[in-house]
Amino acid sequence: MRIIGIDYGDRKIGVAISDPLGMIARGVETIRWDSDIRKPLKRLIEIIAQHQAEKCVVGFPRNMNGTIGERGEKTMEFINLLREQSKLEVIPWDERLTTKAANRAMHDMGIKTSKKKAIEDQIAAVYILQNYLDSL
């Protein structure tokens, strides 16, 4: 069973996919978008169909004290739209510190700052999905 991992942001959406056994996450792409959420949703539906994914895990931002702020509310709106469009189970997953972990990993790998922006959301999606897979 393949599972999609998503790092949702205001301008970019990082996407990851699990292997068929649901053990390892890998990056797929970063979807750039501006004001019309329909375009990235359409692309996500294409990715879901292409990989025959059966479930999505979306990074859900919480404040460090566990409360849900404005960013969390926007993400919940996105999750609800994705549920409607994809007809899949969409699981909100605590994403606190995933972007920091992704940046630390890129730094440790020696990836140049100019290239980090292009892939940081995708790597964050990998972290979100891998954390979910490890919890299973």
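If you're wondering where the values come from, they're calculated on a predicted model, not measured in any experiment.

Calculation notes
Residues numbered from 1 in each chain as written. Predicted model: local features only at pLDDT ≥ 70, side-chain atom pairs only at ≥ 80, totals over all residues. Heavy atoms only, no water. Core = buried A, V, L, I, M, F, W, Y, C linked by side-chain atoms within 4.5 Å. Buried < 20%, exposed > 50% of the residue type's maximum accessible area, 1.4 Å probe, protein only. Helix = DSSP H or I, 4+ residues; strand = E, 2+ residues; numbered from the N terminus. Contact = heavy atoms within 4.5 Å. Right-handed = clockwise from strand over helix to strand, strands pointing away. Expected span 1.5 Å × (residues − 1). Arc of directions from axis to C-beta. Phe/Tyr/Trp six-rings, centres within 6.5 Å; stacked < 30°, edge-to-face > 60°.

**Observations regarding the nonpolar core**
Part 1 of the reasoning: Judged by nonpolar contacts, the single largest core of 22 residues is most densely connected at Ile4, Ile6, Tyr8, Ile13, Val58, Phe78 and Leu82.
Part 2 of the reasoning: Of all the secondary structure elements, the ones that give two or more residues to this core are β1 (2-8), β2 (12-18), α1 (38-51), β4 (53-60) and α2 (70-86).
Part 3 of the reasoning: Aside from chain neighbours lying at most four places away, what touches Tyr8 is Ile13, Trp33, Ile37, Val58, Arg71, Lys74, Thr75 and Phe78.
Part 4 of the reasoning: Ala25, Val126, Tyr132 and Leu133 belong to the second-largest nonpolar core, a separate cluster that totals 11 residues.

**Side note on the pairing of β4**
Part 1 of the reasoning: Burial analysis of β4 places seven of its eight residues in the buried class, the great majority of the element.
Part 2 of the reasoning: Tracing the backbone out of β4, into α2 and back to the parallel element strand β5 (residues 89-94) gives a crossover that is right-handed.

**Let's talk about α1**
Part 1 of the reasoning: Taking 1.5 Å per residue, 14 residues should reach 20 Å; α1 reaches 20 Å between its end C-alpha atoms and fits that length.
Part 2 of the reasoning: Turning to α1, its buried residues are Pro40, Leu41, Leu44, Ile47, Ile48 and His51. On an axial view of α1, the arc spanned by its buried residues comes to 120°, and they lie on one face. Exposed side of α1, more than 90 degrees from the buried face: Arg38, Lys39, Lys42, Ala49 and Gln50 are the residues found there.
Part 3 of the reasoning: Buried-residue contacts for α1 involve β1, β2, β3 (25-32), β4 and α2.

**Thoughts on the packing of aromatic side chains**
Part 1 of the reasoning: Per the counting criterion, the structure on display carries three aromatic pairs.
Part 2 of the reasoning: Their ring planes at 10° and their centres at 4.2 Å tell us that Tyr8 and Phe78 sit as a pair that is stacked. With Tyr8 in strand β1 and Phe78 in helix α2, this residue pair connects regions lying 70 residues apart in the sequence. Across this residue pair, the class does not change: Tyr8 and Phe78 are buried.
Part 3 of the reasoning: Each residue in the set Tyr8, Trp33 and Phe78 is aromatic and connected to the rest through ring pairs, giving one cluster.

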